[in-house]
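Inside the fold
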Amino acid sequence: MQEDKKCELKEIEYSDLKLNLSSPRLPKSIQEKDEAVVMEFMLLEAATLHLMMAIGQNDFFGGEPLLVVEDNVEQDKYIVVEGNRRLTAVKLLSKPELANMKKESIKQIIQEAIYKPKKIPCLVFKDEKYILKHLGFKHITGGKSWRILEKARYLYKLKQKEFPTTPFREACRKLAKIIGTSRNYVQRIVIGYDMFLKIEKANFYGISNLNDTTFNFNCIIGSLTYNKIIEFLGINFQQENPLEHLKHSHLKKWTHWFFEKNADHTTRLIGDSHDLNMLNKLLENPEAFKVFNRGEQSLKQAYERYLDNLHYQASIAEH
């Protein structure tokens, strides 16, 4: 590979390719496990079996090579940064014994397969950072968008790798430029993921069945668009460390409202714009918020109390 080239196209034996165990698409509870655990996670999604069928019937499409970097641990091995599901599909076509689940489905796919590729076209990059920049546009603002928590993991990692000492707002501006979106959006994603890490570190406050695979990250992103909710959580977007004065007790309350289920298997807040708007309004009215916070009234009931207070104040003003 020439020194001035960022990447080189190669055909590489599938056995020399390793899954990216720290991929932002993997839940943290899966990351850094062995390949068997990652494959099992991927097989839980039907898309992996569909990929096996497609490759088995049509061969590996050379127009979309895997994006890889050289492994720093094993010589002549490569880490797949982009294309882990396709690599999993190829590996299972030749070595079905790697799978610990869905064995009958895999057996059927292999029996019908015409192709079992041994070598895969790969773009070998000198540095992972070149791939990360590409993935930012493709999977955050491009046509193959990741889920929101996957986007957050990616942006958080990219910020740490590319701009570890750059002031926060400037780093977000540069990230936004790389992936083709607004700085405000990047700020919400990065701050939101930092909040998520704090919730995760607190073991999700002991809420039953809540973990990194069931957590709805949209609740955070939605909340960070409402001024009173931001204020309630103690977040300041203008500070170098926006979470420096985070109110941890309020973050705990927030998490319970959105994720703790009652006897009817429902939560106090849903997380859509309707509920977020009502919560934001309640936070403007101490009396209405107090009855909601104590659990004496539902969000809707407390919001109606807030509206009644508004009507009462309006009628006083008219007289």
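Conventions we followed
- Residues numbered from 1 in each chain as written.
- Predicted model: local features only at pLDDT ≥ 70, side-chain atom pairs only at ≥ 80, totals over all residues.
- Heavy atoms only, no water.
- Helix = DSSP H or I, 4+ residues; strand = E, 2+ residues; numbered from the N terminus.
- Buried < 20%, exposed > 50% of the residue type's maximum accessible area, 1.4 Å probe, protein only.
- Pairing = 2+ DSSP bridges.
- Axes fitted to C-alpha atoms, helices over the stretch in contact; angles between N-to-C directions.
- Contact = heavy atoms within 4.5 Å.
- Core = buried A, V, L, I, M, F, W, Y, C linked by side-chain atoms within 4.5 Å.
- Salt bridge = Lys/Arg side-chain N within 4 Å of Asp/Glu carboxyl O.
- Phe/Tyr/Trp six-rings, centres within 6.5 Å; stacked < 30°, edge-to-face > 60°.
- Lys NZ or Arg CZ within 6 Å of the ring centre and 35° of its normal.

This paragraph deals with the environment of Gly63. Structurally, Gly63 can be placed in the loop between α2 (46-58) and β3 (66-70). The spacing of Gly63 and Pro121 is 58 residues in sequence and 8.6 Å in space, taken between C-alpha atoms.

So, on to unusual backbone geometry. The phi dihedral of Asn203 falls on the positive side, at around 55 degrees, and the residue is not glycine. You can see Asn203 is positioned in the loop between α8 (183-201) and α9 (218-223). The exposure class of Asn203 is exposed, given its relative accessible area of 57%. Of note in the backbone geometry, Phe204 takes a positive phi value of approximately 55 degrees without being a glycine. Mapping Phe204 onto the fold places it in the loop between α8 and α9.

Pairing is mixed in the open sheet, where 5 strands are placed in the order β1-β5-β3-β4-β2. Strands at the two margins of the open sheet, each flanked by one partner only, are β1 (7-13) and β2 (17-19). The average undirected angle you get between the axes of adjacent strands in this sheet is 45 degrees. With 4 bridges joining them, β3 and strand β5 (residues 119-125) adopt parallel strand pairing. Directly across from Val69, in β5, lies its bridge partner Phe125. Against the sheet, helix α3 (residues 84-94) touches β2, β3, β4 (78-82) and β5, its axis set at about 120 degrees to β2.

A few words now on the nonpolar core. Counting 62 residues, the largest nonpolar core has Phe215, Phe217, Ile235 and Trp254 as the members making the most contacts within it. Here the element with the most residues in this core is α8; it accounts for 9 residues. For Trp254, the contacting residues outside a window of four places in its chain are Ile199, Phe215, Cys219, Ile220, Ser223, Leu233 and Phe259. Formed by 32 residues, the second largest nonpolar core is a distinct cluster that contains Tyr14, Val38, Met39 and Leu93.

Pairs can form between side chains of opposite charge whenever their charged atoms are close. Under the criterion given, the structure shown has 8 salt bridges. The salt bridge partner of Asp71 is Lys18, with a shortest N-O separation of 2.7 Å. One end of the pair, Asp71, is in the loop between β3 and β4; the other, Lys18, is in strand β2, with 53 residues separating them in the sequence. A salt bridge links Glu287 to Arg305, with the nearest nitrogen and oxygen atoms 3.2 Å apart. Linking Glu287 in helix α13 (residues 286-293) with Arg305 in helix α14 (residues 299-318), this pair joins segments that are 18 residues apart in sequence. Judged by its relative accessible area of 41%, Glu287 is partly exposed. Beyond isolated ion pairs, a larger network of salt bridges with shared partners links Lys18, Asp71 and Glu74.

Next up on the list: the packing of aromatic side chains. This model, assessed by the stated rule, comprises 14 aromatic pairs. Here the aromatic rings of Phe232 and Trp257 are separated by 5.6 Å at their centres, their planes lie at 20 degrees, and the arrangement is stacked. Here Phe232, found in helix α10 (residues 227-233), pairs with Trp257, found in helix α11 (residues 248-259); they are 25 residues apart in sequence, far enough to count as distant. Summarising the burial analysis for this pair, Phe232 and Trp257 share the class buried. Relative to Tyr306, the ring of Tyr303 has its centre 5.6 Å away and its plane inclined at 25 degrees; by these criteria the two rings are stacked. Pair noted here: Tyr303 and Tyr306 are both in helix α14, with a separation of 3 residues, about one helical turn. In this pair, the class of Tyr303 matches that of Tyr306, namely buried. A network of ring pairs unites the aromatic residues Tyr156, Tyr193, Phe196, Phe204, Phe215, Phe217, Trp254, Phe258 and Phe259 as a single cluster. Looking at Arg268, its charged tip hangs above the ring of Phe292, at a distance of 4.1 Å from the centre.

Remember, this is a structural readout, not a statement about activity or role.
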